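Structural overview
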Amino acid sequence: MIHAETLDLLDWPRLCQHLATFTATELGAIAARHLPIPTTQAESQTLLTQTQEAYALEDRLPQGIPFKGIHDFGDALERAERQGVLKGDELLKIATTLAGARQLRRLIADQEDTPSLETLVADLRTYPELEQAIHHCIDERGDVTDRASEKLVAVRGQLKGVRDRIQEKLQRIIQRQGGALQQAVITQRGDRFVLAVKAPQKDHIPGIVHDTSSTGSTLYIEPHSIVEWGNTLRQLQRQEEREIEIILRQLTEQVAEVLEDLELLLAIVTVLDLATARARYGLWLEANPPRFIAATDAITLRQLRHPLLVWQAQREQGEAVIPINVQIRPDIRVVAITGPNTGGKTVTLKTIGLMALMAKVGMFIPAREPVELPWFDGVFADIGDEQSLEQSLSTFSGHIRRISRIFDQMSDQSLVLLDEVGAGTDPTEGSALATALLYHLADRVRLAIATTHYGELKALKYQDARFENASVEFDEATLAPTYRLLWGIPGRSNALSIAQRLGLSEAIITAAKAQMGNESEDVNQVIAGLEAQRRQQEEKAQEAEKLVAEAERFYREVSERAQLLQEREQDLKRSQELAVTAAITEAKSEIAQVIRDLQQRPKKGQTAQKATDAINAIAQRHLPKAEPKRKPGYYPKVGEKIRIPRLGQTAEVLALEENEKAIVQFGLMKTTIPLSDIESLDGKTVEPPESPKAKTPPPPKTPAPRAMVRSDRNTLDIRGHRVSQMESDVETGIKHATDLGILWIIHGKGTGKLRQGVHDFLATHPQVERFELAPQNEGGSGVTVAYLL
């Protein structure tokens, strides 16, 4: 339960007014200004889900969620229900709203992550036939069109003819009697066409006087010659009006037939507009969605800002908003906030109260993630003075009366906010009463937050674990509050120090301290010490944050540099692969040309030798060149400066390990790398000391490139053979071509079964190193080339 009185105390109407500025329709603005508060957590969760989905749509769609053409036609529906006749512009609003609602339904249905909004618009019925009927009969100005009925077309045709006839007659009179007229123009009085005639010359244009100027010098006369035409015009106008009324009544009856669906459509569109407004307001506030927590979870509202103060700062050039942190353990039931006047205690109460209300209606909270707070079934506030001369109520009486109403209606899931609890009476009695009130709240509500000046309330934390202290910070150097909220530390009295800085006599200050006693002064000193410790911790925390930020920045730089090196290495590999592929392609082309020349020339040993020499020359050109020998190696020493080419860094050797690794440092980073990644500053590579027994095996001999020369000896034609017969033929061919190292098997293309059989046989043959299809110029998929061991 939430009273209207509490809503006013928390400035809820102002926040609703701000929300209304983010709506897109008149209906949405009205609903936002009178925003209802849900009574169940399920309702709040549904509203919050709608806001989150609308937020995602607003962020994703370039133009946001469109509400073009949607109007409030609730009054028109009421008149249609009472069998009244709707006007053309009212019908036009209904038609454009139907089109706009259809566009909204189609847009949301096309999305994949808006189940709540899709469920909301699923019941929309937009009646395209009614929309089409209205647009057929009503134009964009709200007038009935000629195409609405044949009779209306005929009547308007007659009207035009009569008007033209009257205009012609009056124009002739103006030409003949122009001197008797004040102005040579045709005008109207009522629905009659008249001429402005000078009063002394009225006899020159006999007729019916319909009006006179204020000075009496001009008479507006309808000449006798057009009176009958004027009467005919009036009759036709009445016929036109009757026909228009018939058309409008027919359309109104169609509207009345679907009245309930149209009312539901307006309600759904309004709910959707409110969800969109909440999303847009949250986006503007840079707010985050709240999560309703269980009784065992802590309340977390970090960097919390008052939304009305944010509005003042950004829309009304107010002061910058100072955020507060609200983190309350689940076992805490009462928080006592102390501190000087104008220090922000009341603003803190209102901020927390507004957050509870905003979460209940599905709004985002202007705080850092995560935003976690309970769902309060009731929010009650006693803030400010309540004085009434009529009821003879003092400030104290007003507070007590309001608190009594709160106690009658609160529950164990309520939030209670009390400003200056126990104030307005004798300090001793007020302190005792405030203590009793807070203990009563600790037993009966989810959370109570109270501001106070009573020092006795600061000690409740140390007597009952359900209590917590908080204070608003005060800067003694500037005699001004900082508006920061400090948790766990009670506020200390600043009255004497402020009075002393403002110039009050030292004797008076000393006498006041004597009256207070040493115990009070000791408490203030303890609190001052706690505040100093807190400031030191905050300073150390800020320094730690700077170090962490610096380390993160350095890590990002190293990661980016390593990523850049990896990308360069990959680019180099790709370029090398492209170069190798190009060289292979070129070599194959040259070899194919040599083979073609060989096939065209007589088959002699000399010709084959020339072909072999040519292929060897091609191999020499395209085989990769041997890498130049690097400079003689060396072994690094501890403390020596070395280079790490892979990282592009210069480092210092800190230690050498037995597993051929070294610990090096560059900048602030230490790392262990293999010795093979190290070279001296002049380019020498690391050469570990040889073991006495270790012998370097001789490098394997690189086989000479095989000449892919095709001849009768290494060519086997098995086209037309069966698969079963193929194996013996291929076996024979391999034996004859073993010394040549290559066998060309012509099997043809056909169905591919013979080729597959050849491949299966070659794959298991012990004398076949590998095989592949021949180049396209050598038979392609119809020939297989087998390389023999």
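Summary of the structure given here. (Residues numbered from 1 in each chain as written. Predicted model: local features only at pLDDT ≥ 70, side-chain atom pairs only at ≥ 80, totals over all residues. Heavy atoms only, no water.)

We now examine helix H13 (residues 345-360). For H13, spanning 16 residues, the distance from its first C-alpha to its last is 23 Å, which sits close to the expected 22 Å at 1.5 Å a residue. Burial analysis of H13 places 14 of its 16 residues in the buried class, which makes it a mostly covered element. Count one or two residues on from H13 and you reach Gly362, which has phi positive near 85°. (Helix = DSSP H or I, 4+ residues; strand = E, 2+ residues; numbered from the N terminus. Expected span 1.5 Å × (residues − 1). Buried < 20%, exposed > 50% of the residue type's maximum accessible area, 1.4 Å probe, protein only.)

Turning our eyes to something else, we now look at the packing of aromatic side chains. Evaluation of the coordinates by the stated rule reveals six aromatic pairs. Ring centres of Phe22 and Trp284 lie 6.0 Å apart, and the angle between their planes is 50°; on these two criteria the pair is classed as tilted. Here Trp284 lies in helix H11 (residues 259-285) and Phe22 lies in the loop between helix H2 (12-20) and helix H3 (26-33), a separation of 262 residues in the sequence. Taken together, the ring pairs in this structure connect Phe22, Tyr281, Trp284 and Trp311 into an aromatic cluster. (Phe/Tyr/Trp six-rings, centres within 6.5 Å; stacked < 30°, edge-to-face > 60°.)

Bringing empty space enclosed by the protein into the picture now. Enumeration according to the criterion identifies five cavities of 30 Å³ or more in this entry. Its volume calculated, the second largest cavity comes out at about 60 Å³. Surrounding the second largest cavity, Ile299, Leu301, Val326, Ile328, Ile352, Met355, Ala356, Leu373, Pro374, Phe376, Leu447 and Ile449 form its lining. Contributions of two or more residues to the lining of the second largest cavity are made by strand E6 (299-304), strand E7 (324-328), H13 and strand E12 (447-452). (1 Å grid on protein atoms, 1.4 Å probe; cavity = no way out; pocket = protein on both sides within 12 Å on 5 of 7 lines; lining within 4 Å. Points joined across faces, edges and corners; volume = space filled by probe spheres on them.)

For the rest of this paragraph, the subject is the sheet that holds strand E9 (residues 368-373). Read from one edge to the other, the open sheet built from four strands follows the order E5-E9-E6-E7, with strand pairing classed as mixed. At either end of the open sheet lies a strand with only one pairing partner, and these are strand E5 (290-292) and E7. Within this sheet the neighbouring strands show an average axis-to-axis angle of 25°, counted without direction. The sheet contact formed by E6 and E9 spans two bridges and is antiparallel. From the neighbouring strand, Thr300 faces E9, where its bridge partner is Glu372. Its contacts with the sheet put H13 on E5, E6, E7 and E9, and the angle it makes with E9 is roughly 80°. (Pairing = 2+ DSSP bridges. Axes fitted to C-alpha atoms, helices over the stretch in contact; angles between N-to-C directions. Contact = heavy atoms within 4.5 Å.)

Taken together, the side chains of Asp75, Glu78, Glu81, Glu260 and Glu263 present a region of like negative charge at the surface. Of all elements in the fold, only helix H5 (74-81) and H11 reach the threshold of two or more residues within the negative patch. When residues of the negative patch are assigned to their parent elements, the largest contribution, three residues, is made by H5. The residue Glu260 is located in helix H11 in this model. (Patch = residues over 30% accessible without salt bridge, like charges linked within 9 Å, V, L, I, M, F, W, Y side chains within 5 Å. Areas by Shrake-Rupley, 256 points an atom, 1.4 Å probe, with all protein chains shown as cover. Salt bridge = Lys/Arg side-chain N within 4 Å of Asp/Glu carboxyl O. Lys, Arg positive; Asp, Glu negative; His and termini not counted. Charge placed at Lys NZ, Arg CZ, Asp CG, Glu CD.)

To continue, consider the pairing of strand E20 (residues 742-746). Regular strands show a simple pattern: their side chains alternate between the two faces of the sheet. In terms of burial, E20 is a largely internal element, five of the five residues being buried. Burial along E20 is two-sided: Ile742, Trp744 and Ile746 and Leu743 and Ile745, pointing in opposite directions, are all buried. The β-α-β motif built from strand E19 (residues 715-717), the intervening helix H20 (residues 723-737) and the parallel element E20 has right-handed crossover chirality. In terms of strand pairing, E20 meets strand E22 (residues 783-788) through five bridges, oriented antiparallel. (Right-handed = clockwise from strand over helix to strand, strands pointing away.)

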